[in-house]
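Summary of the model geometry
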Amino acid sequence: SVDLDKITDDIERKAIEGHIQNFGQTPSQLITKLPHPERSAKEKQPIAPFESLHAGDLKVHTPAKQFGGPKSSCGAILSLHAIGDSVFVLHSDFTLCSYKLNATRNNALPVQIKADKCRMLENSSALTRTVDNEEQSNEQGSNLIVNSDSFALTMGGNYRAADHGADSSLLLLSCDAFENVVKVHSIETLQLQRSVSGGHRGRINCIKVSEDGALTVTGGDDATCRVWVVEHDALATAITDGYVSSLGLDDDEITCAHVLFGHVSPVTCVAICSKLDVVISGSKDGSICIHNIRSGKFVRSLHVDAVTKEVKDSCARSNGITPQKLVIHMDGSFVAYFSDGTLMVITINGQCICKADVGEKINAILICHESEALITGGELGSVRVRTLYDLSVQCTLNIKKYGPITTLALTSDPNFLCVGSSNGFLSVVFRNTK
């Protein structure tokens, strides 16, 4: 600090005053006699649930009392959805079971699972027929399979606008491959509220919901994707393009906003991220198309060459490897799993970051953003946690006694991994803190 009263030179005084007015000055020293206190120790941050894992760091808990299992008629778990402290489990007979997860302070078992409700979806006959005829469809050369990509869970727009009970506003979206429609069921009543095609011509193969729950994307055999707005009239009015408006596809519950072109063969998988304003879709001929969500504009098309395994710009190439699973990371990259067992991390600009051969058929993949980890589950019945920067396996948890893993879901705060198996059992994976 400067004591202006002690400065006798007028020129120096004016210079220092100008300096202070423009840049300020260092305040007076507050502690003059005692030594300055030491800096506080850095707070210890909690370890992310799937970060820096080693062998034995993960444990699994499979509750004995649950609605599914080998002794139950519910069948395999098709889809898992975790919202808040609730986990919704859809079985192959289209029984929807709900469970409550409660975190405990017991390090040996930090979570308790309590069975809640078990009910049948209304008007699920066509969907049931899809599962019953899966083997027949495969014999005919079709890729029609009902799995976790056929269902999505979101909160309705009424919930996002006001405080309501969570179950009263949850909507289960499903793509019915035989009736070629998107079905909307209420989780509270399990009644069918809507059944719309959105202009798809032919089967609808996959459906995904954005992280905010307001947008949905579907992909079908007609080589197109549809972007839908779920119970949000203002957003639907803002982003719906003129072409879709001319088709008259508006609906009170779910509105088709865009038709995304770029593929020339059936769409096999989709992924959506509203924060990045990106939809990524893959088709049977190996092409991967990237579109903007809100404008519906085509950005680029990629494919992975079947011979060189290199990512190349393309437009409807036939020598690409078919992508079967897609998931988007917030840093602008995405993970793709291909039919030949290759797992790749690719940027939206088309640069391959890393790749790996997984050695099994993968049925479910997801990204834990807190841990920068990729979690996969497949036919070998093992949960594998990989790093996103090189896809190396950090930890493997073997739960093959319950059969192949069919679906995965992450809970929030705290993070537990819910695992659905082919024998109908729900398991919860957590970090061993001992």
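A brief look at the structure comes next. Every value quoted in this text rests on a predicted model; they were computed, and no experiment measured them.

Thresholds, definitions, all that
- Sequence order as written defines residue numbering, which begins from 1 separately in each chain.
- It should be noted that, the model being predicted, local features are given only for residues of pLDDT at least 70 and side-chain atom pairs only at 80 or more, the latter also being counted only at that level, while totals for whole chains, interfaces and linings use all residues.
- Side-chain measures were taken over the full set of non-hydrogen atoms in the model, leaving aside hydrogen atoms and water.
- Residues belong to one nonpolar core when they are buried, are Ala, Val, Leu, Ile, Met, Phe, Trp, Tyr or Cys, and are joined through side-chain atoms within 4.5 Å.
- Using a 1.4 Å probe on the protein chains alone, a residue whose accessible area is under 20% of its type maximum counts as buried, one over 50% counts as exposed, and one in between counts as partly exposed.
- Here a strand is any run of E in DSSP of at least two residues, a helix any run of H or I of at least four, and the numbering for each starts at the N terminus.
- Here, residues are in contact when the closest pair of their heavy atoms is within 4.5 Å.
- One requirement defines pairing of two strands: DSSP has to find at least two bridges between them.
- Angles here are taken between N-to-C directions and fall from 0 to 180 degrees, while the axes themselves are lines fitted to C-alpha atoms, restricted in helices to the stretch in contact.
- Note on aromatic pairs: the rings of Phe, Tyr and Trp (six-membered ring only in Trp) are paired at centre separations within 6.5 Å, and the planes decide the class, stacked below 30 degrees, edge-to-face beyond 60, tilted for the rest.
- Any Lys or Arg side-chain nitrogen found within 4 Å of a carboxyl oxygen on Asp or Glu counts as a salt bridge.

1. Re the nonpolar core
Core analysis: the biggest nonpolar cluster contains 20 residues, and Phe50, Leu58, Ile375, Val383, Leu408, Leu417 and Val419 have the highest contact counts within it. Where this core is concerned, the elements lending two or more residues are strand E23 (362–368), strand E24 (373–378), strand E25 (382–387), strand E26 (393–398), strand E27 (405–410) and strand E28 (417–421). Of all the elements, E23 adds the most residues to this core, at 3 residues. Discounting chain neighbours no more than four positions away, the residues touching Leu408 are Ala364, Leu366, Ile375, Thr376, Gly377, Leu417, Cys418 and Val419.

2. Observations regarding the pairing of E24
A large share of E24 lies buried, amounting to 6 of its 6 residues. The alternating pattern of E24 places Ala373, Ile375 and Gly377 on one face and Leu374, Thr376 and Gly378 on the opposite face, and all of these are buried. The pairing of E23 with E24 spans 6 bridges and is classified as antiparallel. Directly across from Ala364, in E24, lies its bridge partner Gly377. Counting the residues that bridge the hairpin from E23 to E24 gives 4 residues, and of these Glu372 lies at a positive phi of roughly 50 degrees. Pairing of E24 with E25 involves 5 bridges; the strand directions are antiparallel.

3. Things to note about the sheet that holds strand E20 (residues 333–338)
Consider a sheet: its strands pair through backbone hydrogen bonds, and that pairing is either parallel or antiparallel. One open sheet accounts for 4 strands, arranged E19-E20-E21-E22; its pairing is antiparallel. The open sheet is flanked by strand E19 (323–328) and strand E22 (352–357), the only strands paired with a single partner. Strand-to-strand twist in this sheet, taken as the mean axis angle between neighbours without regard to direction, amounts to 15 degrees. The pairing of E19 with E20 spans 5 bridges and is antiparallel. For Pro323, the partnering residue across the bridge sits in E20 and is Phe338.

4. Focus on the packing of aromatic side chains
Both the distance between ring centres and the angle between the ring planes are used here to describe each pair of aromatic rings. Enumeration over the complete set of coordinates arrives at 3 aromatic pairs. Ring centres 5.6 Å apart and planes at 55 degrees place the aromatic pair Phe67 and Tyr99 in the tilted group. Of the two residues, Phe67 sits in the loop between strand E1 (58–61) and strand E2 (77–83) while Tyr99 sits in strand E4 (residues 95–103), which places them 32 residues apart along the sequence. With 6.0 Å between their ring centres and 55 degrees between their planes, Phe94 and Phe151 make a pair best called tilted. One end of the pair, Phe94, is in the loop between strand E3 (86–91) and E4; the other, Phe151, is in strand E6 (residues 151–155), with 57 residues separating them in the sequence. Phe151 matches Phe94 in its accessibility class, with the two residues each being buried.

5. Section: the pattern of salt bridges
Applying the stated criterion across every chain, the model contains 9 salt bridges. Between Asp222 and Arg226 there is a salt bridge, with the nearest N and O atoms lying 3.5 Å from each other. Note that Lys309 is salt-bridged to Asp340, the shortest N-O span being 3.2 Å. Residue Lys309 is located in the loop between strand E17 (298–304) and strand E18 (311–313), and its partner Asp340 is located in the loop between E20 and strand E21 (342–347); the two are separated by 31 residues in the primary sequence.

6. A look at unusual backbone geometry
A positive phi is found at Leu190, a non-glycine position, where the angle reads about 60 degrees. Positionally, Leu190 belongs in the loop between strand E8 (181–186) and strand E9 (192–196). One non-glycine residue, Lys309, adopts positive backbone phi at about 60 degrees. For Lys309, a relative accessible area of 28% translates into the label partly exposed.

7. Re the sheet that holds E24
Pairing is antiparallel in the open sheet, where 4 strands are placed in the order E23-E24-E25-E26. Across the chains shown, the open sheet's two edge strands, defined by having one partner strand only, are E23 and E26. Mean inter-strand twist for the sheet, computed between neighbouring axes without regard to direction, equals 15 degrees. Bridge count for E25 against E26 is 5 bridges, and the pairing is antiparallel. Paired with Val383 across the two strands is Leu397, which belongs to E26.

8. Observations concerning the environment of Lys117
As for its placement among the helices and strands, Lys117 is situated in strand E5 (residues 111–120). In this structure Lys117 comes out as partly exposed when scored by relative accessible area, which is 38%. Each C-alpha atom, one on Lys117 and one on Leu96, is 8.0 Å from the other, the two residues being 21 residues apart in sequence. Leaving out residues up to four positions away in the same chain, Lys117 has contacts with Phe67, Leu96, Cys97 and Ser98.

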